[in-house]
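# Fold and contact review
Single-letter residue listing:
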Amino acid sequence: MNIRLVFLIFVIVIFAAGTGFLSYSQSAGIPLTQAYANGNVVITQNTTAGTIPHKVNISNNGKDPVKVQVGDVLTSNSSQDLVIAENKTLKINSTEVLSAYCIEPSQRAVPGVNLKVNGTSSNAVKQVIEGSNLNDLANATNAQVQIYILTSGVNFNIYSGEPVAVVQNQNINYTKLRQIISDAKTALSARFGVAVDNIQNINQNTTSNSSNIANEFLNWVKTNTGV
């Protein structure tokens, strides 16, 4: 059989499968970003400053289920910015309480503030979230500090915003917090295979490359089949 025809058939099958999967995904629920843009969800900060992980209320008032995913970013001008820490599909006319980590340590959380949906976090932040235990305070605190480092730099200010509230809530001192930060740097270095001095580059270098892979595959097909 003509090799070009074989590859053409393969590409068509992959495209059809992808289209079918997309249709299935839409039927299972629409993304949080889309639901928010349509005015169908209300998101409210639930917990006070220093809580780890934070909790947010998400109400789905639309006609479709809504898919909330790890990495969905929530922002506010008067409260801290957050990143969703668990996957959940919201039923129609329902409200769910979901966990989230802080991505803006300089700001303090304000309960009752409405939050906006603002894209998604980097893959590095998602990996830290997925590797954390939301039900273990020590583990979640280490993950939270790793996220502080990824989003605000290795030398983020520990004497303002959320870090101050964490010290107060957990009844620890700043010596203990600095040890947690040191442990978090070590964990990031090991997870991403970089020296501690290069941690600041992790968040920029771990964005998704799925689009590049797809483009490279299509270019390879064109080159080898002439289609």
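Structure shown above.
The rules behind each value
- Residues numbered from 1 in each chain as written.
- Predicted model: local features only at pLDDT ≥ 70, side-chain atom pairs only at ≥ 80, totals over all residues.
- Heavy atoms only, no water.
- Pairing = 2+ DSSP bridges.
- Helix = DSSP H or I, 4+ residues; strand = E, 2+ residues; numbered from the N terminus.
- Axes fitted to C-alpha atoms, helices over the stretch in contact; angles between N-to-C directions.
- Buried < 20%, exposed > 50% of the residue type's maximum accessible area, 1.4 Å probe, protein only.
- Polar contact = N/O pair within 3.5 Å; in protein donor to acceptor, adjacent residues only side chain to side chain.
- Expected span 1.5 Å × (residues − 1).
- Core = buried A, V, L, I, M, F, W, Y, C linked by side-chain atoms within 4.5 Å.
- Contact = heavy atoms within 4.5 Å.

The next thing to look at is the sheet that holds strand S8 (residues 94-102). Pairing within the closed barrel is antiparallel, and its six strands lie in the order S2-S3-S8-S6-S5-S9. Shown here is a sheet whose adjacent strand axes are inclined to one another by a mean of 40 degrees, direction ignored.

What follows deals with the environment of Gln200. Looking at where Gln200 falls in the secondary structure, it is placed in the loop between helix H6 (174-192) and helix H7 (202-205). What makes Gln200 partly exposed here is its relative accessible area of 41%. Expressed as a C-alpha distance, the spacing of Gln200 and Ile149, which sit 51 residues apart in the sequence, is 7.7 Å. Among the polar contacts listed, one links the side chain of Gln200 to the backbone oxygen of Asp197, at a separation of 2.9 Å.

Our focus in this paragraph is the pairing of strand S2 (residues 41-45). The buried count for S2 comes to four of five residues, which makes it a mostly enclosed element. Bridge count between S2 and strand S3 (residues 54-60): five bridges; the pairing is antiparallel. From the neighbouring strand, Gln45 faces S3, where its bridge partner is Val56. Sheet topology places S2 next to strand S9 (residues 114-120); two bridges connect them, and they run antiparallel. Bridge assignment links Ile43 to a residue of S9, and that residue is Leu115.

Next up on the list: H6. Since one α-helical turn is 3.6 residues long, residues separated by three or four positions face the same way. With 19 residues, H6 extends 27 Å from end C-alpha to end C-alpha; this agrees with the ideal 27 Å at 1.5 Å per step. Of the positions making up H6, those classed as buried are Leu177, Ile180, Ile181, Ala184, Lys185, Leu188, Ser189 and Phe192. Its side-chain oxygen placed 3.2 Å from the backbone nitrogen of Thr175, Asn173 serves as the N-cap of H6.

With that settled, consider the nonpolar core. Counting 49 residues, the largest nonpolar core has Leu32, Val56, Ile58, Leu74, Tyr101 and Ile149 as the members making the most contacts within it. By residue number, the principal contributor to this core is helix H4 (residues 137-152), which donates seven residues. Each residue touching Leu32, except ones within four places of it in the same chain, is listed here: Val41, Ile43, Ile58, Val66, Lys67, Val68, Asp72, Leu74 and Val117.

Purely spatial values, then, with no claim about function.
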